[in-house]
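# Working through the structure, step by step
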Amino acid sequence: MQYTISAPGRLQHTAQLPASKSISNRALIIHALSGGTILPENLSNCDDTEVIISALQDNPYEINIKAAGTAMRFMTAYLAVKEGEEHVLTGTERMKHRPIGVLVDALRFLGADISYVGEEGFPPLLIRGKKLEGGELEVPGNISSQYISALLMIGPVLKEGLTLRLMGDVISRPYIDLTLWTMREFGADAEWSDFETIEVRPQPYHERAYYIENDWSGASYWYETLALSKNRDDVIRLEGLMDGSKQGDSSVRYIFSLLGVKTQFKTTEQGVPTTITLKHSGRCVPRLEYDFVNSPDLAQTFVVVCAMLGVPFHFRGLSTLKIKETDRIKALKTEMRKLGFVLKDVNGSELIWDGERCEPDMESGIDTYEDHRMALAFAPASLRLDALKINQPQVVTKSYPNYWEDLKAAGFEIVDC
């Protein structure tokens, strides 16, 4: 499948964002650990969330989480504490090559019964659930925050709770904070005791009604769309977002302020989702340097938007991009060259564009590598091109299933070739 995307001349649009995938997935696991019967409201309808819902509701022996990395990490820890249950946890071929050994080793240290069905260190996993003692555990701070979040969320049901020490530099700290915040929303006693240690006391979760706010990651693509629009009077409105959100990707509003996008919040009571309005400010930095260590999922968006705006950049903190749905650093270098931009990487953790150009070759289209964020981030580039082809566009269902329909509602023409 291939879409050809052509952009409208004007943008006056109110976008219906998906619910937060990050909060939905955390709330579902915590809700299940609480023994609750009332599902959280406004759950994301993306693939990653639906595989967790299906697994929790159907409880099959073999659980296939497909390409959902978050689900693989969270379900591994969850199943490890489900006393008396036995499951095989598997996924796509790509998932079977995404490492999970650090999390399995940590859970085994706590007493979990987990074995590898295939290659050591990778899914599928055979998990026999049991009551775990808990206690003190040390893990590297530079591993995926999803490993850390998976361990934290089972902390309240461990006999001795969990003292988790993160050794060395801690990456993606906002995602860890989001986990702790969501845990406390369900009654957990969990907090940082110092800069590198988190204490989770053995205090059970409480069932409660819970509403999921909309997704700041999804909002980033509309920020990108406004930034790339050429009409200074264009306006985009986004509903269901919160000022002061705990989502790490809410930092997108501050970064885009450097690229000429102004964010206006509608006045509302604190903690209530609201509508924000995006407008052009007319001010853009000549060069952008930024460390994405706390928000790596935004990197693809800013690589595309900066290049299309002609803003050279140096982005750091990208080490986790190599173990996502694809090697995102390699994929970005390849696909940006098709648009005529030559990117350089440093040590697999930095991306640089110093203004170097090459002859574009867009005929074959932008490949998405089974990675939703490749399609989501590249589509707005059509605002600066005559048209843009996206290959395998259906990958957006992983996090933003209605993305193409939303673009059409905003005036984009999308043709299925």
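Remember, it's a predicted structure, so these values are computed and weren't measured experimentally.

### Considerations on the environment of threonine 274
Secondary-structure assignment places threonine 274 in strand β13 (residues 274-280). Taking relative accessible area as the criterion, threonine 274 reaches 7% and is therefore assigned buried. Considering only alpha carbons, one finds threonine 274 and glutamate 213, 61 residues apart in sequence, at a separation of 9.6 Å.

### Some remarks on helix α1 (residues 21-34)
With 14 residues, α1 ought to run about 20 Å at 1.5 Å a step, and its terminal C-alpha atoms sit 20 Å apart, in line with that. In terms of residue burial, α1 counts as a mostly covered element, since 14 of its 14 residues are buried. Where α1 begins, the side chain of serine 20 points an oxygen toward the backbone nitrogen of serine 22, at a separation of 3.4 Å. Glycine 35 sits one or two positions beyond α1 and adopts a positive phi of about 75 degrees.

### Structural notes on the pattern of salt bridges
One pass over the structure, following the stated rule, counts 20 salt bridges. A salt bridge links arginine 201 to glutamate 191; the nearest nitrogen and oxygen atoms lie 3.8 Å apart. Residue arginine 201 is located in the loop between β10 (197-200) and α7 (216-228), and its partner glutamate 191 is located in strand β9 (residues 190-194); the two are separated by 10 residues in the primary sequence. Classification of arginine 201 as partly exposed rests on a relative accessible area of 34%. Close ionic contact of glutamate 289 with arginine 287 constitutes a salt bridge, the shortest N to O distance being 3.3 Å. On the basis of relative accessible area, glutamate 289 is assigned to the partly exposed category, the value being 44%. Taken together, the salt bridges that share partners define one network made up of Asp297, Arg328, Asp371 and Arg373.

### Some remarks on the sheet that holds strand β8 (residues 162-167)
In sheet architecture, strand pairing relies on hydrogen bonds along the backbone and comes in two forms, parallel and antiparallel. Read from one edge to the other, the open sheet built from four strands follows the order β7-β8-β10-β9, with strand pairing classed as mixed. Sheet topology places β7 (135-140) and β9 at the edges, where each strand pairs with a single neighbour. Averaged over all pairs of adjacent strands, the angle between strand axes in this sheet comes to 25 degrees, irrespective of strand direction. Here four bridges tie β9 to β10, and the two strands are oriented antiparallel to one another. Among the inter-strand pairings, tryptophan 192 is bridged to a residue of β10, identified as isoleucine 198.

### Some remarks on the pairing of β10
As a general feature of sheets, a regular strand has side chains that alternate between the two faces. When β8 meets β10, the two strands line up antiparallel, connected through four bridges. Looking at β10, one finds that arginine 165 is bridged to threonine 197. Between β9 and β10, which follow one another and run antiparallel, lie two residues.

### As for helix α2 (residues 47-58)
With 12 residues, α2 should cover 16 Å at 1.5 Å per step; its first-to-last C-alpha distance of 16 Å lies within 8% of that length. Here α2 has its buried residues at Asp48, Thr49, Val51, Ile52, Ile53 and Ala55. Tucked inside the fold, the buried residues of α2 contact α1, β3 (62-64) and α3 (69-80). Backbone geometry just downstream of α2 places asparagine 59 in the positive-phi region, at approximately 50 degrees.

### A closer look at the packing of helix α9 (residues 299-309) against helix α10 (residues 328-338)
Contact geometry for α9 and α10: axes closest at 11 Å, N-to-C directions at 20 degrees. In terms of orientation, α9 and α10 fall into the roughly parallel class. Read as a crossing pair, α9 and α10 show a hand that is right-handed. When α9 is examined against α10, the residues Gln300, Val303, Val304 and Ala307 are found in contact with a partner set consisting of Arg328, Leu332 and Met336.

Thresholds applied
Residues numbered from 1 in each chain as written. Predicted model: local features only at pLDDT ≥ 70, side-chain atom pairs only at ≥ 80, totals over all residues. Heavy atoms only, no water. Helix = DSSP H or I, 4+ residues; strand = E, 2+ residues; numbered from the N terminus. Buried < 20%, exposed > 50% of the residue type's maximum accessible area, 1.4 Å probe, protein only. Expected span 1.5 Å × (residues − 1). Polar contact = N/O pair within 3.5 Å; in protein donor to acceptor, adjacent residues only side chain to side chain. Salt bridge = Lys/Arg side-chain N within 4 Å of Asp/Glu carboxyl O. Pairing = 2+ DSSP bridges. Axes fitted to C-alpha atoms, helices over the stretch in contact; angles between N-to-C directions. Contact = heavy atoms within 4.5 Å. Parallel < 35°, antiparallel > 145°, perpendicular 65-115°, else oblique. Left-handed = near helix turned anticlockwise from the far one by under 90°.

Remember that the coordinates give geometry; whether it matters functionally is a separate question.
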